[in-house]
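Tertiary structure, described
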Amino acid sequence: MQLLDGRKLSKKIELQIADEVKELKETCGCTPGLAVVLVGQDPASAAYVGMKKKACDRVGFYSITHDMPENISQEAIERTIISMNENDSIDGILIQLPLPPQIDTTKLLELVDPAKDVDGFHPFNVGRLVTNLDGFVPCTPLGVMELLKEYDIDVKGKNCVVVGASNIVGKPMAALLLNAEATVEVCHIHTDDLKKHTLNADVILVGVGVINLITEDMVKDDVIIVDIGVSRTAEGKLVGDVDFENVSKKSSYITPSPGGVGPMTIAMLLSNTLKAAKINAKKKNS
Ligand code: GUN
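Quick caveat: nothing in here was measured; it's all calculated off a predicted structure.

What follows deals with the sheet that holds strand 4 (residues 92-95). Read across the sheet, 3 strands follow the order 3-2-4 without closing on themselves; strand pairing throughout is parallel. Two strands bound the open sheet, and with one partner strand each, they are strand 3 (62-68) and strand 4. The average angle at which neighbouring strand axes cross in this sheet is 15 degrees, direction not considered. Sheet analysis places strand 2 (residues 33-39) next to strand 4, joined by 4 bridges and oriented parallel. Bridge assignment links Val36 to a residue of strand 4, and that residue is Leu94. Packing against the sheet, helix 3 (residues 74-86) makes contact with strand 2, strand 3 and strand 4, and its axis sits at approximately 165 degrees to strand 3.

Glancing now at the packing of aromatic side chains. In the structure shown here, the tally under the stated rule is 1 aromatic pair. Between Tyr151 and Tyr253, the ring centres sit 6.5 Å apart and the planes meet at 65 degrees, which makes this aromatic pair edge-to-face. One end of the pair, Tyr151, is in the loop between helix 6 (139-150) and strand 5 (159-163); the other, Tyr253, is in strand 11 (residues 251-254), with 102 residues separating them in the sequence. Residue class for Tyr253 comes out partly exposed when judged on its relative accessible area of 21%.

Put simply, side chains in a regular strand alternate between the two faces of the sheet. Where strand 2 lies against strand 3, 7 bridges are found, and the strand directions are parallel. Across the sheet, residue Gly33 finds its bridge partner in strand 3, namely Tyr62. You can see the chain leave strand 2, run along helix 2 (residues 43-59) and come back into strand 3, and the turn it takes is right-handed.

Here we come to the site of the ligand. Residues in close proximity to the ligand include Lys52, Leu94, Ile95, Gln96, Leu97, Asp119 and Phe121, which together make up its full environment. Ile95 places a polar main-chain atom, nitrogen or oxygen, 2.8 Å from a nitrogen atom of the ligand. Contacts to the ligand include Gln96, whose side-chain N or O atom sits 3.4 Å from a nitrogen atom. Calculation on the ligand without its partners gives an accessible area of 280 Å², and the protein chains cover 81% of this total. Its residues assigned to classes, the shell around the ligand shows 4 nonpolar, 1 polar and 2 charged.

As enumerated under the stated definition, the model contains 1 disulfide in all. Disulfide partner of Cys28: Cys30, at an S-S distance of 2.1 Å. Residues Cys28 and Cys30 are joined through a disulfide that is left-handed, its torsion about the S-S bond being -140 degrees. For Cys28, a relative accessible area of 23% corresponds to the partly exposed category. By relative accessible area, Cys30 is classed as buried at 9%. No disulfide involves Cys139; its nearest neighbouring cysteine sulfur is the one of Cys56, lying 11 Å away.

The peptide bond linking Leu97 to Pro98 adopts the cis configuration, its omega dihedral lying at 0 degrees. Turning to its location among the elements, Pro98 is positioned in the loop between strand 4 and helix 4 (105-111). With an omega dihedral of 5 degrees, the bond running from Ser257 to Pro258 counts as a cis peptide bond. Considering the arrangement of structural elements, one finds Pro258 in the loop between strand 11 and helix 10 (261-285). Despite not being glycine, Asp193 shows a phi value in the positive range, around 60 degrees. Structurally, the position occupied by Asp193 is in the loop between strand 6 (183-187) and helix 8 (194-198). Overall, Asp193 belongs to the partly exposed group, its relative accessible area being 42%. In this structure, Asp222 is a non-glycine residue whose phi angle is positive, near 70 degrees.

Bringing the side chain of Ser231 into the picture now. Along the polypeptide, Ser231 turns up in strand 9 (residues 231-232). A polar contact is formed between the side chain of Ser231 and the backbone oxygen of Gly209, at a distance of 3.4 Å. Beyond its immediate stretch of four places on either side in the chain, Ser231 contacts Gly209, Val210, Ile211, Lys237, Leu238, Val239 and Asp241.

Let us look at helix 6. End to end, helix 6 covers 16 Å across 12 residues, agreeing with the expected 16 Å (1.5 Å per residue, within 8%). The buried count for helix 6 comes to 9 of 12 residues, which makes it a mostly enclosed element. Of the residues making up helix 6, those classed as buried are Cys139, Thr140, Pro141, Leu142, Gly143, Val144, Met145, Leu147 and Leu148. Looking at the buried residues of helix 6, the elements they touch are helix 1 (6-28), helix 7 (170-179), strand 7 (203-206), strand 8 (223-227) and helix 10. Immediately downstream of helix 6, the backbone of Asp152 shows phi near 55 degrees, a positive value.

Reading the values: the criteria
Residues numbered from 1 in each chain as written. Predicted model: local features only at pLDDT ≥ 70, side-chain atom pairs only at ≥ 80, totals over all residues. Heavy atoms only, no water. Pairing = 2+ DSSP bridges. Helix = DSSP H or I, 4+ residues; strand = E, 2+ residues; numbered from the N terminus. Axes fitted to C-alpha atoms, helices over the stretch in contact; angles between N-to-C directions. Contact = heavy atoms within 4.5 Å. Phe/Tyr/Trp six-rings, centres within 6.5 Å; stacked < 30°, edge-to-face > 60°. Buried < 20%, exposed > 50% of the residue type's maximum accessible area, 1.4 Å probe, protein only. Right-handed = clockwise from strand over helix to strand, strands pointing away. Near = heavy atom within 4 Å. Polar contact = N/O pair within 3.5 Å; in protein donor to acceptor, adjacent residues only side chain to side chain. Areas by Shrake-Rupley, 256 points an atom, 1.4 Å probe, with all protein chains shown as cover. Nonpolar A, V, L, I, M, F, W, Y, C, P; charged D, E, K, R; others polar. Disulfide = S-S within 2.5 Å. Expected span 1.5 Å × (residues − 1).

In structure tokens form, the structure reads like this:
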């Protein structure tokens, strides 16, 4: 069994990004800028945004967080997004999800300029991903693909089972695997007999936030496991969706959680923001 070490790879990627930022600053005086919208007091969202901001600082990005109260109006968030769309010092815009129930999330995601959509949630970028065209790809599944690449794992022709069908993780994960010529199955909350599907999998990619959803009896020998889930146990410990202790014994490769996919998500946010900044720098110079 070999660990897919997202912490190690994300550090390597951050160093490369920091070098590129330095060069960009020297050659055109441009500093990549990320704007984050955070609504309400959800501790998990606040923690994620804090980690993203710290990562921006480490690589030399400019970042700003728009902290908004839980009872904010749709119009107020829309005004903020429009002003960030028009602001030349902002290359990437991220709206931390989930948003409170009075907010129309889809409408906000569609308002973000697709050229600044570093989360890859705008339908324009979703369409480009599904048609295998260049664009912005959601950070978590993009991070998974980078992690597999680092360990020379080619999914071409492999049976890949994605567990979870969200717009943020499961669906774009399935699209990326399909683009890489894998055979892809997507299982979700209504799937009958999950084990029947996972037993047939060469690669299982699971991100639903259910502790111990994947157990050793559900996987075949030498399976590759990518655990995208993060939950907190009653004792306050962070764990994934996979019974790591027992499943790892049967795996050829497995991500730890935490320390696998999580750090890769943040590294890909930095990578997407740098990509947006480079496109903008080119536009400014032409
Ligand atoms: N909430 C949970 N994951 C994500 C993510 O990747 N991006 C944003 N914006 N919100 C999230």
